[in-house]
Amino acid sequence: MQIYLPIADMPVNVFLILGMGLAVGFISGMFGIGGGFLMTPLLIFVGVSPAVAVATVSTHIAASSFSGALNYWRRRAVDVALALMLLSAGIIGTATGVWLFTELRALDQLDLVIGVLYVSLLSAVGLFMIYESIKAELRARKGLPSLLRRPGSHNWLHGLPLKLRFKRSKIYVSAIPVWGIGFVIGFAGAIMGIGGGFLLVPMLIYFLRVPTGTVIGTSMVLTLITMASATVMHAVTNHLVDAILALILMVGGVIGAQFGAHTGQRMRGERLRLLLGILVFLVGLRFAFELVVQPEDLYSIRHVGDM
Amino acid sequence: MRLAWRLSGVVGIFFLFLHQACAERLVLSLSNDRVQIASNFVGENLVMFGAIEPDTGNNLRQGGYDLVVTVTGPRETMRTRRKQRVLGIWVNVDSREFVRVPSYLAVLSNRPVRQIADVGTLRRLQLGLDNFLLTQRIGPDIADTVRDDPFRVAFIRLQSRHGLYREAGDAVKFLTPAVFRAETPLPANVPTGVFTINVKLFAAGALVAETNASLEVIKTGVEQYVAEAAVAHGLIYGIATMLLALLTGWIANVAFRRD
């Protein structure tokens, strides 16, 4: 069944989009991430223009993260103070990202920067997660206690000044790495069209030692706020949010997320991180492939604006 | 006195042309002069019917006629970019801006245009994709390039691949010697706005008559409502979409609640 999308200006198969929503929703529910890093490339692949894809995916992520965040909120697994601290720097990161987005678009180098960012971030994060989870898996095999769940060891980040206590997460860390992470997430979200959950969750675990109990809930609340405001910002500045496309994605996404969350809860943390690491790494490889292999057509057209 | 003589000469030539242009008249009718994009739009065929009417007292010419129909969509500015390998990765190294070129362009005729008239005439009348004026911004200048300019060739190739540019030498059919039918598909990604249709009638390689028509491609129903709201009331549209997202998330959460 075909339906014409009013902002994307193209017809799409409803069931295809619904299926994409379900699949990405399943993955996002399973790992507690938004799934923007999968959905944005998928939409572009189907033929939606990158600008509309980036803007519309933010709406989709807002819906799925709200659905998930409610669960964590009820279980009191959200660290509001930490989320607000991350958000304060995230806003500056987003503003920087939007500015750079516009500059690079004018220079015709946006695709390149997005490609390079996807490749470097995804493959680095993916490899790191694979490495960490395999190490944890081996440790578990030997019968040693799992280190990753609650690492007591401090790293150099804990020596920084401006220390703050986050009660819900039971951590005592400097505000500097918190702001740094917030900035990176806001920046990446604006320029890559992703919520940043797949970056935020590992960073909170490995750098700030946030316990697994609050990490996903907190990440979801942050994602919800940034993506809800991104929806409004994209709608006001570029008029590129396709409400019809977003609605189809959301319906598939929230349903998929429920099943994904159910599956995820029955898996061990290390196994889950290994799977997510492999997935993230593969998407990174896919982008690397695109940069290195000669494109089918060396020329491409971009609409400058209606006149 | 000399001025009057010259003027009368100009007027005389003018009447000569007018007489020639009046030798035949073209009548054109569109299957649909308002293409509506509703939620089930997957593209549409634009069909045009027309008739050649000889001037009163004259008959249709013995040699037969040729027709060239040019359908032009709303003008847009587009940039064509070229990739090149730099340090192992493919980067956009060069780009050319095509200023106010048609977003849709179809050249339909009863036989390939180069068989209809000589190159000079085709160039002057901008008939065929090769001869249509596609203005590019080259440094400070705005001009068209030679027809085999790589950017121009790539632009036409890419637009053709999306079904937006086409040249069909068999899209005009004569039903009788004086009645013709032309057809062109408007793809699903057809731009919205006013389209102009220009029909040129040739006899023995010379232009003998011409007529114009227009059609409108518009969004209707929900598509129109959403598209207009997104542009006219960006803030309200954004907040409404955001609330829709929260509502969807909340409904799913309640519906699947297990605790």
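Residues numbered from 1 in each chain as written. Chains lettered and ligands numbered in written order. Predicted model: local features only at pLDDT ≥ 70, side-chain atom pairs only at ≥ 80, totals over all residues.

Caption draft 1: View of the overall build of chain B. When you go through chain B residue by residue, the secondary structure sums to six helices and 14 strands. Contacts spanning at least 24 positions in sequence make up 66% of the contacts within chain B whose residues lie at least 6 apart. (Helix = DSSP H or I, 4+ residues; strand = E, 2+ residues; numbered from the N terminus. Contact = placed C-beta atoms within 7 Å.)

Caption draft 2: Local environment of the overall build of chain A. Along chain A, the regular secondary structure elements total 10 helices and five strands. In terms of its C-alpha atoms, chain A occupies a principal-axis envelope of roughly 60 × 40 × 40 Å. Taken over 307 residues, chain A has a buried fraction of 52%. Counting only contacts in chain A whose residues sit at least 6 apart along the sequence, the fraction spanning at least 24 positions is 79%. (Buried ≥ 20, exposed ≤ 12 C-beta atoms within 10 Å, placed from the backbone.)

Caption draft 3: Structural context of the nonpolar core. The biggest cluster of nonpolar side chains holds 148 residues, and the ones touching the most others in it are A:Leu5, A:Ala62, A:Leu86 and B:Val69. Of the residues forming this core, the biggest block, 13 residues, is contributed by helix H9 (residues 243–265) of chain A. (Core = buried A, V, L, I, M, F, W, Y, C linked by C-beta atoms within 7 Å.)

Caption draft 4: Structural view of the packing of helix H7 (residues 197–206) of chain A against helix H8 (residues 212–237) of chain A. All names here are of chain A. Contact geometry of H7 with H8 gives a least axis separation of 10 Å together with a crossing angle of 140°. With respect to H8, the element H7 is oriented oblique. As H7 runs across H8, the sense of the crossing is right-handed. Where H7 approaches H8, its residues Gly197, Leu200, Val201, Leu204 and Ile205 are matched on the opposing element by Val215, Ile216, Ser219, Leu222 and Thr223. Grouping the amino acids of the contact of H7 with H8 by side-chain chemistry returns seven nonpolar, three polar and no charged. (Axes fitted to C-alpha atoms, helices over the stretch in contact; angles between N-to-C directions. Parallel < 35°, antiparallel > 145°, perpendicular 65-115°, else oblique. Left-handed = near helix turned anticlockwise from the far one by under 90°. Nonpolar A, V, L, I, M, F, W, Y, C, P; charged D, E, K, R; others polar.)

Caption draft 5: Expanded view of H7(A). Residue and element names in this part refer to chain A. Most of H7 is tucked away, with nine of its 10 residues classed as buried. When we look at burial in H7, the residues that qualify are Gly197, Phe198, Leu199, Leu200, Val201, Pro202, Met203, Leu204 and Ile205. The inward-facing, buried residues of H7 abut helix H2 (36–46), helix H5 (110–141), helix H6 (175–192), H8 and helix H10 (269–292).

Caption draft 6: A look at the packing of helix H4 (residues 80–106) of chain A against H8(A). Residues and elements named next belong to chain A. Look at H4 against H8: their axes get within 10 Å of each other, and the N-to-C directions meet at 40°. Viewed along their axes, H4 and H8 form a crossing whose handedness is right-handed. On H8, the residues touching Leu82, Ala83, Leu86, Leu87, Gly90 and Thr94 of H4 are Thr218, Val221, Leu222, Ile225 and Thr226. Per-class residue counts for the contact of H4 with H8 are seven nonpolar, four polar and no charged.

Caption draft 7: Geometry of the interface of chain A and chain B. Taken together, the contacts link 50 residues of chain A with 50 residues of chain B. Within the residue set of the side of chain A that touches chain B, elements represented by two or more residues are strand S1 (2–5), strand S2 (10–13), helix H3 (50–74), H5, H8, H9, H10 and strand S5 (299–306) of chain A. Broken down by element, the side of chain A that touches chain B gets its largest block of residues, nine residues, from H9(A). In terms of residue class, the side of chain A that touches chain B is made up of 32 nonpolar, 13 polar and five charged.

Caption draft 8: Broad picture of the environment of A:Ala89. Residues and elements named next belong to chain A. Counting through the fold element by element, Ala89 comes out in helix H4. Since 21 C-beta atoms lie within 10 Å of it, Ala89 is described here as buried. Sequence spacing of Ala89 and Phe128 is 39 residues, and the spatial spacing of their C-alpha atoms is 25 Å. In this structure, Ala89 is in contact with Trp179, Gly182, Phe183 and Gly186, ignoring residues within four places of it in sequence.

Caption draft 9: Spatial organisation of the pairing of strand S11 (residues 172–176) of chain B. Here S11(B) runs beside strand S12 (residues 179–186) of chain B; their pairing, made up of four bridges, is antiparallel. The partner of B:Lys173 across the bridge, within S12(B), is B:Arg181. (Pairing = 2+ DSSP bridges.)

Caption draft 10: Highlighting the confidence of the model for chain B. Residue and element names in this part refer to chain B. Model confidence for chain B is summarised by a mean pLDDT of 86, while 90% of its residues fall at 70 or above. Predicted confidence for residues 10–21 stays below pLDDT 50, and this span has two contacts to residues more than four positions away or in other chains. Among the scores for the predicted complex, ipTM is 0.82 and pTM is 0.78. (pLDDT = per-residue confidence, 0-100.)

Caption draft 11: View of the sheet that holds strand S13 (residues 193–203) of chain B. Residues and elements named next belong to chain B. Pairing is mixed across the open sheet formed by six strands, whose spatial order is S2-S14-S13-S4-S7-S10. For this open sheet the edge positions go to strand S2 (34–37) and strand S10 (165–168), each flanked by a neighbour on one side alone. On average, adjacent strands in this sheet sit at an angle of 15° to one another, irrespective of strand direction.

Caption draft 12: Just unusual backbone geometry, in detail. For A:Arg209, which is not a glycine, the phi torsion comes out positive at approximately 55°. Take A:Arg209: it is sitting in the loop between H7 and H8. One non-glycine residue with positive phi stands out, namely B:Ala204, at about 50°. Along the chain, B:Ala204 turns up in the loop between S13 and strand S14 (206–219). For B:Ala204, a count of 12 C-beta atoms within 10 Å corresponds to the exposed category.

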